[in-house]
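Here's the letter readout for the chains.
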Amino acid sequence: MAPAVDIETPVDAIQGLKAKAKQVDRSIFPDGLKTTGQHPPLYDKIYPYSAFPKRIEGPTEWKAEDYANNPERWVHQFSEDELAEISKTADRFMELGLPLTGINKDNFPLPGLEPSLTTMRRELLNGKGFILYKGFPVHEWGIHKSAVAYMGLGSYLGYPVSQNGHGHILGHVKDLGEDSTQIDKVRIYRTNARQFFHADDCDIVGLLCIAKAEFGGESDVASIHNVWNILQEERPDVAELLTKPIWYFDRKGEVSQGEDPYIRAAVFYLETPDPADPDREQRVYCKWDPYFVRSLTRFSDKGIIPPLSPEQEEAIKLLEATCERVKLHMVLDIGDIQFVANTHTLHARTAYRDFGPDSGKPRRHLLRLWLSVPQDEGGWRLPFWDSDEKKRGGIQVDDTPPVARLDAD
């Protein structure tokens, strides 16, 4: 079935965006690649609900009980040999004085680990969509070497993209005391509030635990294909509503010159066809974050965009509740690295409380990576103009340079 044409994107406009993406100033972007940023979908590539599968089966559709009591299926303890290789390569990278913003597989060689990382990357993209590594010696290595080693490891999974308007390609998930109720201005990862089930603007998100909270801050992951099956069985009307491009997502001021402060999009999409194999499956893809949908009253109150309808409000609650029903719960200890795919899983975080200032213990601190995987390197075929760009997605404001600071700012 053909897509339901909404607004056809002119070919010359797409080509212009692609040409501009390749005009990169290496004095600003050391690796020669620039994050493409947030964009509306190609509306003429969005499929109607009738084209979506009634049920999804396969490795991307899983239940918590498949893994909760089988950690060997999703937890990997770093071996001494693996850590020795990572350590040696990180030391060499630091000796060369190379910028973290330019780290890649070529200047961070891991010949021993590469085969297993390739397998894990495939499992993230086409399998269950998550893995937990344990035993990164962050206390022994310190923050600088840990960041180098972590980013080097991540370069085998995807290309690091900017996570905010400041160009952070190494993010810091930390409570900075910002007001979590000001959701039109504040990014929730900079608070200690609960993060509802969501996907980030990248293909794979990584989290390295440097310090834990006194209480909370635990992680949940849900298979969006399991969620889809439940919606199709119990509330197909909600499933259909989530496939329509009637949802507005806030950009919270992180926009380049001339861009709209919000994006109209769907929540569930179908992959675009594979030109090389027209019979290849078009998988169900989810792009969602309720905080970015609920923060737009400053526009809807003025009649600039429509407010959320009662049906949309119900769909938001039901999507969250369904994720809660099927979630896999996990706790990140110090030295753990969690990688999660944003294409076919949603993840969440419980609220947390840090240790008191008199405890002598640090605040909860996780290093975050947003990694992109273009479709010609195994990434999903997405209905966005930048689907085949190496640093697709992320958040890019004009020519803000990438930075990889060692603490939050």
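Quick notes on the rules
Residues numbered from 1 in each chain as written. Predicted model: local features only at pLDDT ≥ 70, side-chain atom pairs only at ≥ 80, totals over all residues. Heavy atoms only, no water. Helix = DSSP H or I, 4+ residues; strand = E, 2+ residues; numbered from the N terminus. Phe/Tyr/Trp six-rings, centres within 6.5 Å; stacked < 30°, edge-to-face > 60°. Buried < 20%, exposed > 50% of the residue type's maximum accessible area, 1.4 Å probe, protein only. Lys NZ or Arg CZ within 6 Å of the ring centre and 35° of its normal. Axes fitted to C-alpha atoms, helices over the stretch in contact; angles between N-to-C directions. Parallel < 35°, antiparallel > 145°, perpendicular 65-115°, else oblique. Contact = heavy atoms within 4.5 Å. Nonpolar A, V, L, I, M, F, W, Y, C, P; charged D, E, K, R; others polar. Core = buried A, V, L, I, M, F, W, Y, C linked by side-chain atoms within 4.5 Å. Salt bridge = Lys/Arg side-chain N within 4 Å of Asp/Glu carboxyl O.

**Some remarks on the environment of G177**
- Mapped onto the elements, G177 comes out in the loop between β4 (171–173) and β5 (195–198).
- Measuring from C-alpha to C-alpha, the distance between G177 and N192 comes to 8.0 Å, with 15 residues separating the pair along the chain.

**As for the packing of aromatic side chains**
- Under the criterion given, the structure shown has 19 aromatic pairs.
- Relative to Y133, the ring of F78 has its centre 4.8 Å away and its plane inclined at 10°; by these criteria the two rings are stacked. Of this pair, F78 sits in the loop between β1 (75–77) and α2 (80–96) while Y133 sits in strand β2 (residues 130–134); the two residues are 55 residues apart in sequence, bridging distant segments of the chain. Considered together, F78 and Y133 belong to a single accessibility category, that of buried residues.
- Cation over ring: K287 sits above F384, and NZ or CZ is 5.6 Å from the ring centre.
- Lying across the ring of Y189, R368 places its NZ or CZ 4.1 Å from the centre.

**Here we look at the packing of α2 against helix α4 (residues 138–154)**
- It is the contact of α2 with α4, at a shortest axis distance of 9 Å, that shows an interaxial angle of 105°. Viewed along their axes, α2 and α4 adopt a mutual orientation that is roughly perpendicular. For the pair α2 and α4, the contacting residues are L83, I86, S87, A90, D91, F93 and M94 in the first and W141, H144, K145, V148, A149 and L153 in the second.
- Across the contact of α2 with α4, the residue classes tally to nine nonpolar, two polar and two charged.

**Brief notes about the nonpolar core**
- With 47 residues, the main nonpolar core has L242, W247, F249, V267, F268, W288 and L346 as its most contacted residues.
- With sequence-adjacent residues up to four places away left out, V267 is seen in contact with L242, W247, F249, Y285, C286, K287, W288 and L319.
- Formed by 39 residues, the second largest nonpolar core is a distinct cluster that contains L100, F136, W141 and L367.

**What to know about the pattern of salt bridges**
- As enumerated under the stated definition, the model contains 33 salt bridges in all.
- Close ionic contact of D91 with K145 constitutes a salt bridge, the shortest N to O distance being 3.1 Å. Of the two residues, D91 is situated in helix α2 and K145 in helix α4; the sequence distance between them amounts to 54 residues.
- Connected through shared salt-bridge partners, R194, D220, E320, E324 and K327 make up one network.

These values are about where atoms sit, not about what they do.
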